[in-house]
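# Per-entry structural report
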Amino acid sequence: QVQLVETGGGLVQSGGSLRLSCVASGLSISINDMNWYRQAPGKLRELVASSARETRGSSTNYADFVKGRFTITRDPFKNTVWLQMNSLKPEDTAVYYCNAHTHNTDYWGQGTQVTVSS
């Protein structure tokens, strides 16, 4: 059974930092991309950061609204991805979801709540 488990969410003041972790288990094939999405109340789920596996290492991409503040890192051998979030703003408040994309399937974690107080 495939499982993605996120940890690290919580309540933080504006300007603070949090680090999210996600471990994927139960997969018998390679993960191509590992990504972080978020969904705020009343809004659509949106891509925050992605780590795409390449022949050598991986490439990363960020949504404009987190560039310079968030950093995605990944250990492909452990199927683990992290999201370091610095300079958090109240508008970053959302449920953050880990996503693992294989060649034909998407897997999702249960989400972890991040709340940034002003």
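Residues numbered from 1 in each chain as written. Predicted model: local features only at pLDDT ≥ 70, side-chain atom pairs only at ≥ 80, totals over all residues. Heavy atoms only, no water.

### Remarks on the state of the cysteines
Note the threshold: Criterion for a disulfide: a pair of cysteine sulfur atoms within 2.5 Å. Numbering of helices and strands runs from the N terminus; a helix is a DSSP stretch of H or I covering at least four residues, while a strand is a stretch of E covering at least two.
If you walk through the whole model with that rule in mind, you get one disulfide. Each sulfur of the disulfide joining Cys22 and Cys98 lies 2.1 Å from the other. Every disulfide takes its handedness from the sign of the S-S torsion; for Cys22 and Cys98 that torsion is -80 degrees, giving left-handed. On the criterion of sequence distance, the pair formed by Cys22 in strand β3 (residues 18-25) and Cys98 in strand β9 (residues 94-101) is long-range, its members being 76 residues apart.

### Some details on the side chain of Thr102
Put simply, the rule is: Using a 1.4 Å probe on the protein chains alone, a residue whose accessible area is under 20% of its type maximum counts as buried, one over 50% counts as exposed, and one in between counts as partly exposed. When checking whether two residues touch, look at their non-hydrogen atoms; a contact exists if any pair is within 4.5 Å.
Position of Thr102 relative to the elements: it lies in the loop between β9 and β10 (106-108). When its relative accessible area of 0% is taken as the criterion, Thr102 is described as buried. Ignoring any residue separated from it by four or fewer positions in sequence, one finds Thr102 in contact with Leu27, Ile29, Ser30, Ile31, Asn32 and Tyr107.

### Brief notes about the pattern of salt bridges
Note the threshold: For this document, the term salt bridge refers to a Lys or Arg side-chain nitrogen within 4 Å of an Asp or Glu carboxyl oxygen.
Scanning the model with the defined rule gives four salt bridges in all. Each of Arg38, Glu46, Arg69 and Asp92 takes part in a single network of salt bridges with overlapping partners.

### Comments concerning the side chain of Arg38
Definition in use: For this analysis, a polar contact is any N or O atom pair within 3.5 Å, provided that within protein one partner can donate a hydrogen and the other can accept it, and provided that sequence-adjacent residues contribute only side-chain to side-chain pairs.
Secondary-structure assignment places Arg38 in strand β4 (residues 33-39). On the basis of relative accessible area, Arg38 is assigned to the buried category, the value being 6%. For Arg38, the side chain forms a polar contact with the side chain of Asp92, separated by 2.9 Å. Not counting residues up to four positions away in its chain, the partners in contact with Arg38 are Leu44, Arg45, Glu46, Val48, Phe65, Val66, Phe70, Glu91, Asp92, Ala94, Val95 and Tyr96.

### With respect to the pairing of strand β11 (residues 112-117)
How we decide: Two strands are counted as paired when DSSP detects at least two bridges linking them.
Residues of β11 alternate between two faces, with Thr112, Val114 and Val116 buried on one and Gln113, Thr115 and Ser117 left unburied on the opposite face. Summarising the sheet, strand β2 (residues 10-13) and β11 pair through four bridges and their orientation is parallel. From the neighbouring strand, Gly10 faces β11, where its bridge partner is Val114. Sheet analysis places β9 next to β11, joined by three bridges and oriented antiparallel. Paired with Val95 across the strands is Gln113, a residue of β11.

### Notes on the environment of Pro76
Of note, Pro76 is situated in the loop between β7 (70-75) and β8 (80-85). Assessed through its relative accessible area of 41%, Pro76 is described here as partly exposed. Through-space distance from the C-alpha of Pro76 to that of Gly57 is 8.8 Å; in sequence the pair is 19 residues apart.

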